[in-house]
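# Fold and geometry: a report
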Amino acid sequence: MKVVSFKLPDNLYSDLEELVQVYARGDKSEFLRMLIARELARLKCPVLFLAGSGRMAIEAAASTGIRPLNWLLSAGTYYRNGRFRESTDFDLAKSLGGLLFMDSGAQQFYKDFKGFDYPYIEKDYLEFALKAGVDYIATLDLPLDILHPRGLPISEGIRKTVEHGVELVALAEDLGVVDKVVPVLQGFNDPSQWLESLDLYKSHGVTLGKFRYWGVGSICMMRSPVLVHKVLSAVREALPDARVHVFGISMNSLKRVFHIINSYDTSVWIYHVKMDGRVYVWDPADKAFMRLKVVYWHAYGSTKLMRANLTQILTMHEDLCRGLTQAPPETPPKRTTKSGNTAGKGHG
């Protein structure tokens, strides 16, 4: 007889232990009720993609032993000296056993990309994503939360985002891989802007009938969770039957829209480790993270702190998933935050 062992997050182990105890007592009706509740939560639960650039981040995720883990790769981090570079990161990310999502690389507009457009064209980007063997490929969108404050008009950013998307779709259709493409909507500070982006896509034949998975950009730097809720509610209403992915959403905003999105990504588990050695601890009562500064954090090393944060992100995700069996509030409570943008260091 062969014995296979693997690690489980503490909260998942506790849930399984509770199910076993109920079954052992012979209370079959309660056992079935708990199974149904767990299954409903799983079906409603958004998909979590972990995001992180660099080998260290992927190795930290791999070293947890937790499988499967979904991963988001940022194309911009692999573009150097005028061309894309293949990397062993791809095979390591595949070893996590989950889905792979290729992001266009909008994060690089923070410091690496100059001007108001990408340094690469759709053809090169698509070929690179296909070589990486990913499951989903985001279109090249212009992150208005970064570029509009620098001078790019909102309407122009939306127009160019859609032009990039339409071109990528055409190339993907020629190669027979259009099912991998995720058109990305853009806006800046009003829900109507993301809907304008959607309408422009439709006018070019990129419609809900052809695409069942859409991305929403320029959410990560949004300081108001109330505005995040308004934007994503409007997108959800416009795309009632589609899957909606939110790039780089802050943790303050996530819990308010968890019930209306289908997937999201976060690199927060890396960000504060690199900044000042902070770790996250999820408080299930307040449904919020506590950020704790680790004394002598350099002595522990970044990898260990990343692992600790990653497991807490998974704990948060499972906790919020369990809450989906309850009716969500109609409107989110108003709350001001000073650091709501820090969790979204991922995508525009």
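So, how was this worked out
- Residues numbered from 1 in each chain as written.
- Predicted model: local features only at pLDDT ≥ 70, side-chain atom pairs only at ≥ 80, totals over all residues.
- Heavy atoms only, no water.
- Helix = DSSP H or I, 4+ residues; strand = E, 2+ residues; numbered from the N terminus.
- Buried < 20%, exposed > 50% of the residue type's maximum accessible area, 1.4 Å probe, protein only.
- Contact = heavy atoms within 4.5 Å.
- Areas by Shrake-Rupley, 256 points an atom, 1.4 Å probe, with all protein chains shown as cover.
- Disulfide = S-S within 2.5 Å.
- Pairing = 2+ DSSP bridges.
- Expected span 1.5 Å × (residues − 1).
- Axes fitted to C-alpha atoms, helices over the stretch in contact; angles between N-to-C directions.
- Parallel < 35°, antiparallel > 145°, perpendicular 65-115°, else oblique.
- Left-handed = near helix turned anticlockwise from the far one by under 90°.
- Core = buried A, V, L, I, M, F, W, Y, C linked by side-chain atoms within 4.5 Å.
- Salt bridge = Lys/Arg side-chain N within 4 Å of Asp/Glu carboxyl O.
- Nonpolar A, V, L, I, M, F, W, Y, C, P; charged D, E, K, R; others polar.

## A look at the overall build of the chain
When helices and strands are tallied, the chain shows 13 helices and 13 strands. Within the chain, the proportion of its 348 residues that are buried is 51%. Taking as baseline every contact in the chain between residues at least 6 positions apart, the subset at least 24 positions apart corresponds to 72%. As displayed, the chain offers around 16600 Å² of accessible surface, 54% of which is attributable to carbon and sulfur atoms.

## Side note on the state of the cysteines
Summed over all chains, the structure comprises one disulfide. Covalent S-S linkage joins Cys45 and Cys321, the inter-sulfur distance amounting to 1.6 Å. In this pair, Cys45 sits in the loop between helix H2 (28-44) and strand S1 (47-51) while Cys321 sits in helix H13 (residues 302-322), placing the two residues 276 residues apart along the sequence. Neither residue differs from the other here; Cys45 and Cys321 are each classed as buried.

## Some words on the sheet that holds strand S8 (residues 184-185)
Reading across from one edge, S7-S6-S5-S2-S1-S11-S10-S9-S8 is the order of the nine strands in this open sheet, with parallel pairing throughout. Here the strands that pair on one side only, and so sit at the sheet edges, are strand S7 (181-182) and S8. In the sheet, S1 pairs with strand S11 (residues 263-266) via four bridges, with the strands oriented parallel. In the sheet register, Leu50 faces S11, and the bridge partner there is Thr266.

## Some points on H13
Between its first and last C-alpha, H13 extends 30 Å over 21 residues, near the 30 Å set by a 1.5 Å rise per residue. Here H13 has its buried residues at Leu305, Met306, Asn309, Leu310, Gln312, Ile313, Leu314, Met316, His317, Asp319, Leu320 and Cys321.

## A word on the pairing of strand S10 (residues 243-246)
Two strands pair when backbone bridges link them, and strand S9 (residues 213-216) and S10 are joined in this way by four bridges, in the parallel orientation. Counted as the bridge partner of Gly215 is His245 from S10. Bridge analysis of S10 against S11 gives two bridges, and the strand direction is parallel. Looking at the pairing, Val246 lines up with Tyr264 of S11.

## Observations regarding the side chain of Thr161
With respect to the helices and strands, the residue Thr161 is situated in helix H7 (residues 154-175). By relative accessible area, Thr161 is classed as buried at 0%. Sequence-distant contacts of Thr161, defined by excluding residues within four places in its chain, comprise Leu140, Asp141, Leu142, Val184, Gln186 and Tyr201.

## Thoughts on the packing of helix H5 (residues 122-132) against H7
In a packed pair of helices, the relevant descriptors are the angle between the two axes and the axis-to-axis distance. Running from N to C, H5 and H7 cross one another at 55°; their axes reach a closest spacing of 10 Å. Here H7 runs oblique to H5, going by the angle between their axes. Helix-helix and strand crossings are classified by hand; for H5 and H7 the assignment is right-handed. Counted together, Glu122, Lys123, Tyr125, Leu126 and Leu130 of H5 and His164, Glu167, Leu168, Leu171, Ala172 and Leu175 of H7 form the full contact between these two elements.

## Some details on the pairing of strand S5 (residues 97-103)
Relative to S5, strand S2 (residues 69-74) runs parallel, the two sharing five bridges. Across the sheet, Leu73 pairs through a bridge with Met102, a residue of S5. Where S5 and strand S6 (residues 136-138) come together, two bridges link them in parallel fashion. Bridging across to S6, Met102 finds its partner in Ile137.

## Brief notes about the nonpolar core
Formed by 105 residues in total, the largest nonpolar core has its most connected members in Trp71, Tyr125, Trp214 and Trp269. Among the elements that line this core, the one with the most residues is H13, at eight residues.

## Overview of the pattern of salt bridges
Inspection of the entire model under this criterion finds eight salt bridges. Where Arg278 meets Asp276, a salt bridge forms, and the shortest distance between an N and an O atom there is 2.8 Å. Look at Asp276 and you get partly exposed, because its relative accessible area is 21%. Through salt bridges that share partners, Arg55, Glu59 and Asp89 make up one connected network.

## Quick notes on helix H9 (residues 225-238)
The α-helix advances 3.6 residues per turn, and as a result positions three or four apart in sequence lie on the same side. Here H9 is 14 residues long and its end C-alpha atoms lie 20 Å apart, about the 20 Å a rise of 1.5 Å per residue gives. In terms of burial, H9 is largely enclosed, as ten of its 14 residues are buried. The complete set of buried residues in H9 reads Pro225, Val226, Leu227, Val228, His229, Val231, Leu232, Ala234, Val235 and Arg236. Contacts made by the buried residues of H9 are with S8, helix H8 (191-203), S9, S10 and helix H10 (251-257).

## Considering the packing of helix H3 (residues 55-62) against H13
For the pair H3 and H13, the least separation of the axes is 9 Å and the interaxial angle reads 55°. In terms of their interaxial angle, H3 and H13 are classed as oblique. For H3 against H13, the interelement crossing comes out right-handed. Contact with H3, carried on its side by Met56, Ala57, Ala60 and Ala61, involves Ser302, Thr303, Met306, Arg307 and Leu310 of H13 and no other residues of that element. A breakdown of the residues in the contact of H3 with H13 according to their chemical character gives six nonpolar, two polar and one charged.

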